[in-house]
Amino acid sequence: MIINLTYYHVANDVPEINPDVAVVIDVLRATTTISWALKNGADSIQVFADLNLLKTSAMKWPADKRLMLGERGGKKIDGFDLGNSPLSVKKETVLGKRLFMSTTNGTKSLKEVQNAKHLFAMGLPNRKAVADKIISLNTENLLILGSGWEGSYSLEDSLAAGALASYLKTNFNSEVNIANDELQAALALWYFWENDILQCLKTATHGKRLTSLGDYEDDFKCCSELDCLDIVPFQAERGVIRAS
Ligand code: MLT
């Protein structure tokens with residue numbers, strides 16, 4: 001398996017290929033929230049880059065079966081039902097509902113690679129579940145897309161990319177080719193921080209951004225918990241994520 005990592009979600013930086021398998025990572029917090037929402041019984045999550053399109057699409061859905069969820073700059077969007085905390089997508093809130101979701105970076109990344117044959121969303125809690133799914137596909141090419149922050153590098157997404165690559169190296173039954181230096185660096189980052197994930201997340205610039213906005217301690221704990229979710233969020237139809 002040949003694995004590449006790219007950090008950026010802006011169009012010019014994502015390779016113009018339609019990979020067999022793409023994994024989008026936004027540890028803080030979009031892909032963690034998606035994973036928990038599906039674990040707690042959300043029917044599906046439709047992701048949007050554009051807020052007007054999101055609102056128009058949501059209004060076409062039955063009112064008792066929809067929630068609008070999202071943030072800009074880490075803060076909940078005015079008029080939306082929920083922000084982007086994985087703690088807010090509780091079972092009693094999301095069960096059976098479609099979540100119409102837009103975030104600063106994570107949902108844009110998902111849109112960026114929506115032509116991949118298989119597209120997954122991963123946080124640290126479902127790293128093993130997603131990795132095992134990739135192994136079962138016996139894929140030759142994997143693109144990992146770290147969502148970053150508005151086009152720039154992100155420590156926590158790189159950490160999770162390294163965590164995924166590390167698991168694949170150990171558990172895939174044939175050769176794993178770490179194809180670019182970005183992923184080599186992500187692996188080194190993982191080996192450095194793997195026993196103190198929480199501290200890595202708080203050290204990251206987006207971790208500091210969240211800390212400056214309020215008390216996000218429980219979000220940090222939730223987002224840093226490794227391999228505790230058996231959910232594999234996959235793109236079931238263009239822009240729509242469901243659990244497998
Ligand atoms: C994003 O998509 O940029 C993040 O999920 C931001 C956040 O922490 O809410």
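Refer to the structure presented above.
Residues numbered from 1 in each chain as written. Predicted model: local features only at pLDDT ≥ 70, side-chain atom pairs only at ≥ 80, totals over all residues. Heavy atoms only, no water.

J.: Tell me what's going on with the overall build of the protein, and back it up with residues and numbers.
T.: Counting secondary structure elements, the protein contains 10 helices and 11 strands. Taken over the C-alpha trace, the protein has a radius of gyration of 16 Å; the compact-globule value for 244 residues is 18 Å, and the two agree within 12%. Every one of the 244 residues in the protein was classed for burial, and the buried ones make up 56%. The contacts of the protein with a sequence gap of at least 6 include a subset with a gap of at least 24, amounting to 79%. If you sum the accessible surface of the protein, you get close to 10,300 Å²; carbon and sulfur atoms cover 47% of it. Looking at the protein, you have 26 positive and 30 negative side-chain charges, and the mean spots of the two groups are 7 Å apart. (Helix = DSSP H or I, 4+ residues; strand = E, 2+ residues; numbered from the N terminus. Rg over C-alpha atoms; globule rule 2.2 N^0.38 Å. Buried < 20%, exposed > 50% of the residue type's maximum accessible area, 1.4 Å probe, protein only. Contact = heavy atoms within 4.5 Å. Areas by Shrake-Rupley, 256 points an atom, 1.4 Å probe, with all protein chains shown as cover. Lys, Arg positive; Asp, Glu negative; His and termini not counted. Charge placed at Lys NZ, Arg CZ, Asp CG, Glu CD.)

J.: Give me the lowdown on empty space enclosed by the protein, citing residues and values where you can.
T.: Across all of its chains, the model carries 1 cavity of 30 Å³ or more by this definition. Computed from the structure, the largest cavity encloses a volume of approximately 60 Å³. Forming the boundary of the largest cavity are D26, L28, R29, A30, E71, G74, N84, T103, T104, N105, W149 and H206. Taken together, the residues of the lining of the largest cavity break down into 3 nonpolar, 6 polar and 3 charged. (1 Å grid on protein atoms, 1.4 Å probe; cavity = no way out; pocket = protein on both sides within 12 Å on 5 of 7 lines; lining within 4 Å. Points joined across faces, edges and corners; volume = space filled by probe spheres on them. Nonpolar A, V, L, I, M, F, W, Y, C, P; charged D, E, K, R; others polar.)

J.: Give a description of helix α9 (residues 205-213) that names residues and reports values.
T.: Buried residues of α9: H206, G207 and L210, and no others. Within α9, the buried residues cover an arc of 105° as seen down the axis, which keeps them to one side. Exposed residues on α9 whose side chains face more than 90 degrees from its buried face are T205, K208 and S212. Against the buried residues of α9 lie α6 (155-171), α8 (197-203) and α10 (217-224). Taken from the residues just after α9, G214 is the one with a positive phi, measuring 155°. (Arc of directions from axis to C-beta.)

J.: Report on unusual backbone geometry, specifying residues and quantitative values.
T.: Cis geometry is found at the peptide bond from L28 to R29, where omega equals 0°. For R29, the location among the structural elements is in the loop between β2 (21-25) and α1 (30-39). Its identity is not glycine, yet N138 carries a phi of approximately 55°, on the positive side. Of note in this structure, D227 is not a glycine but carries a positive phi near 60°. Position of D227 among the secondary structure elements: in the loop between α10 and β10 (233-237).

J.: Just give me the short version of the pattern of salt bridges, but keep the residues and values in it.
T.: Following the criterion strictly, the structure yields 6 salt bridges and no others. Its salt-bridge partner being D43, residue R242 comes within 3.2 Å of it at the nearest N-O pair. With R242 in strand β11 (residues 240-243) and D43 in the loop between α1 and β3 (44-47), this pair connects stretches of sequence that are 199 residues apart. Accessibility expressed as a relative area gives 33% for D43, which makes it partly exposed. (Salt bridge = Lys/Arg side-chain N within 4 Å of Asp/Glu carboxyl O.)

J.: Talk me through the site of the ligand; I want residue IDs and the actual numbers.
T.: Around the ligand, a shell composed of D26, L28, R29, A30, E71, N84, T103, T104, N105, G106, W149 and H206 is seen. A30 has a polar backbone atom sitting 3.0 Å from an oxygen atom of the ligand. At a separation of 2.7 Å, an oxygen atom of the ligand approaches a polar side-chain atom of H206. For the ligand, the accessible surface in isolation is 270 Å², of which the surrounding protein chains cover 100%. Under a 2 Å grid-point criterion requiring more than half of the atoms, the pocket assigned to the ligand is the largest cavity. Looking at side-chain class alone, the shell around the ligand contains 3 nonpolar, 6 polar and 3 charged residues. (Near = heavy atom within 4 Å. Polar contact = N/O pair within 3.5 Å; in protein donor to acceptor, adjacent residues only side chain to side chain. Sits in = over half its atoms within 2 Å of the grid points.)

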